[in-house]
Amino acid sequence: MAHKILIATGGGDCPGLNAVIRGIVKRAHQEEEEWKIYGCIESFNGILKDEIEIVELTDQMVSGLHVKGGTIIKTTNKGGPFHFPVKKADGSWDIQDRSQLMKKRLDEMGFDAIINIGGDGSQAISKQLMDLGINVVGVPKTIDNDLSSTDFTFGFQTAVQIATEAFDKLVTTADSHSRVFIMEVMGRDAGWIALHTAIAGGAEVCIIPEIPYDPKVIAKKIETRYKNGLGFCNIVIAEGAKKADGKVTGSAPTAVGDRHIKLGGVGDVLRQELLDLGIEHDVRVTVLGHLQRGGTPVAYDRILATQFGVKAFELVKEQKYGNLVVYHHPDISYVPIEEALKQPHLVQPDKDFLVHAAKSVGMCFGDE
């Protein structure tokens, strides 16, 4: 009788997801015993819907898949086994706990385990499923690099590369027109994408969630970049950036089953703050948005993701459930999922050498 594994990819899409899937499938098919790998369409929704949507993943399906962005089994950050949206007869929506139904279906279909590929929200679901007696192995996925249990998450390096290439292009147009450019990048509560991009691109200002900013400090820095009206200044700002009051810029979710605040717009907020302070230079805003999480993963992420996929399968084979695959240089290892969720991986301004290095070359963080 064949062993069976169900793969789910949850949360936002991320460069390298397909490389993990490929790594799992190809590693499983090296075994003498028969292993069948299935994909759950659109995270766990595929097994939660009234009409089940899962697909067997063959070697042919995953051939060359590591170079393709996104995920062939789709993803979502809405719904889930504990908050599944169901449309009622009157057109309104209800949120149901379908976790027991999910467990029943997994048992009936003979699945040995789930490999859940996702960030902190997805891994919190992994922990809940383990508490129900479902065998789960987690794989960390986020472009934000905000999981403290692993040195890096796949997708992060690609996001930084995309952001850096975009920033490089803004530098030349800012110089040509003597403009101030504000580039808003993703990262939610973690400033890693912004910080790495700012250093790689040589930004004059970097605004991250971990360091509340003062617009007056930024305005002062901008003026040092101009003489007789000529000059330029480039700013990288993380979408979760905030002033001393701690308020972030965003909007409440509108989609059914979505519980995440939609961050975005802080670049425009900063622009207006600078204009209100009397900045007379031409200030423009560029929001990279989902460009950062799309497209072909860089080599680093393909390699890391492949290793994660192989390790995830091996944890299932060894029945080491309840663990999250992690990277602790130079090893691919694992930690309990519960431990991995204890605290996020955020920039520590007083400890991280990256912040020290950035300040040492004259970069302003808006705090002094």
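Residues numbered from 1 in each chain as written. Predicted model: local features only at pLDDT ≥ 70, side-chain atom pairs only at ≥ 80, totals over all residues. Heavy atoms only, no water.

A. Molecular detail of the overall build of the protein chain. Looking only at helices and strands, the protein chain features 12 helices and 17 strands. Whereas a compact globule of 368 residues would reach a radius of gyration of roughly 21 Å, the protein chain reaches 22 Å, a difference of no more than 12%. With respect to the principal axes defined by its C-alpha atoms, the protein chain has extents near 80 × 55 × 35 Å. Considering only contacts within the protein chain whose residues lie at least 6 apart along the sequence, 71% involve residues at least 24 apart. Summed over its atoms, the accessible surface of the protein chain is roughly 16,400 Å², and 48% of this surface lies on carbon and sulfur atoms. (Helix = DSSP H or I, 4+ residues; strand = E, 2+ residues; numbered from the N terminus. Rg over C-alpha atoms; globule rule 2.2 N^0.38 Å. Contact = heavy atoms within 4.5 Å. Areas by Shrake-Rupley, 256 points an atom, 1.4 Å probe, with all protein chains shown as cover.)

B. Highlighting the environment of Ile52. Within the fold, Ile52 resides in the loop between helix H2 (45-48) and strand S3 (54-56). In contact with Ile52, other than residues within four places in its own chain, are Gly46, Ile47, Arg105 and Met109.

C. Focus on the packing of helix H8 (residues 215-223) against helix H9 (residues 266-276). Two elements in contact, H8 and H9, have axes separated by 10 Å at closest approach and are oriented at 70°. Judged by the inter-axis angle, H8 sits roughly perpendicular to H9. Listed contacts from H9 to Pro215, Ile218, Ala219 and Ile222 of H8 are Leu270, Glu273 and Leu274. (Axes fitted to C-alpha atoms, helices over the stretch in contact; angles between N-to-C directions. Parallel < 35°, antiparallel > 145°, perpendicular 65-115°, else oblique.)

D. Structural view of the packing of aromatic side chains. In this structure the tally under the stated criterion is 5 aromatic pairs. Considering the side-chain rings of Tyr38 and Phe111, the 5.5 Å spacing of their centres and the 90° angle between planes classify their relative orientation as edge-to-face. Taken together, the positions of Tyr38 in strand S2 (residues 35-40) and Phe111 in the loop between helix H4 (99-109) and strand S6 (113-118) put the pair 73 residues apart, joining distant regions of the chain. Ring centres 6.1 Å apart and planes at 80° place the aromatic pair Phe152 and Tyr300 in the edge-to-face group. Of this pair, Phe152 sits in the loop between strand S7 (136-140) and helix H6 (156-177) while Tyr300 sits in helix H10 (residues 299-317), and the two are 148 residues apart along the sequence. (Phe/Tyr/Trp six-rings, centres within 6.5 Å; stacked < 30°, edge-to-face > 60°.)

E. Seen up close, the packing of helix H7 (residues 192-201) against helix H12 (residues 353-360). The N-to-C vectors of H7 and H12 enclose an angle of 40°; their axes lie 11 Å apart at closest approach. Seen along the crossing, H7 lies across H12 with a hand that is left-handed. In this structure, H7 contributes Trp192, Leu195, His196 and Ile199 to the contact, and H12 contributes Leu354, Val355 and Ala358. For the contact of H7 with H12, the per-class residue count stands at 6 nonpolar, 1 polar and no charged. (Left-handed = near helix turned anticlockwise from the far one by under 90°. Nonpolar A, V, L, I, M, F, W, Y, C, P; charged D, E, K, R; others polar.)

F. Here's a closer look at the pairing of strand S5 (residues 93-96). Inspection of the sheet shows strand S4 (residues 84-87) paired to S5 by 4 bridges, in the antiparallel sense. Considered in S5, the bridge of Val86 is made with Asp94. Counting the residues in the hairpin turn of S4 and S5 gives 5 residues, including Gly91, whose phi is positive at 95°. (Pairing = 2+ DSSP bridges.)

G. Spotlight on the environment of Gly69. By the secondary structure assignment, Gly69 is in the loop between helix H3 (59-62) and S4. As a C-alpha pair, Gly69 and Gly294 span 225 residues in sequence and 6.1 Å in three-dimensional space. If sequence neighbours within four positions are ignored, Gly69 has contacts with Asn18, Gly295, Thr296 and Pro297.

H. Looking closely at the side chain of Arg98. Among the structural elements, Arg98 can be located in the loop between S5 and H4. The exposure class assigned to Arg98 is buried, which follows from its relative accessible area of 10%. Within the structure, the side chain of Arg98 is placed 3.4 Å from the side chain of Asp50, a separation counted as a polar contact. For Arg98, the residues in contact, after removing those within four places along its chain, are Leu48, Lys49, Asp50, Pro81, Phe84 and Val86. (Buried < 20%, exposed > 50% of the residue type's maximum accessible area, 1.4 Å probe, protein only. Polar contact = N/O pair within 3.5 Å; in protein donor to acceptor, adjacent residues only side chain to side chain.)

I. Main features of the sheet that holds strand S9 (residues 205-207). Taken in spatial order, the 4 strands line up as S9-S12-S8-S15 in an open sheet, and their pairing is parallel. The sheet is open, and its two edges are formed by S9 and strand S15 (283-287), each paired on a single side. Each strand of the sheet is rotated relative to its neighbour by a mean of 20°, with strand direction disregarded. Of the pairings in the sheet, the one linking strand S8 (residues 180-185) to S15 comprises 5 bridges and is parallel in character. Within the sheet, the bridge partner assigned to Met183 lies in S15 and is Thr286. H6 rests against S8, strand S12 (233-238) and S15 of the sheet, and its axis sits at about 170° to S8.

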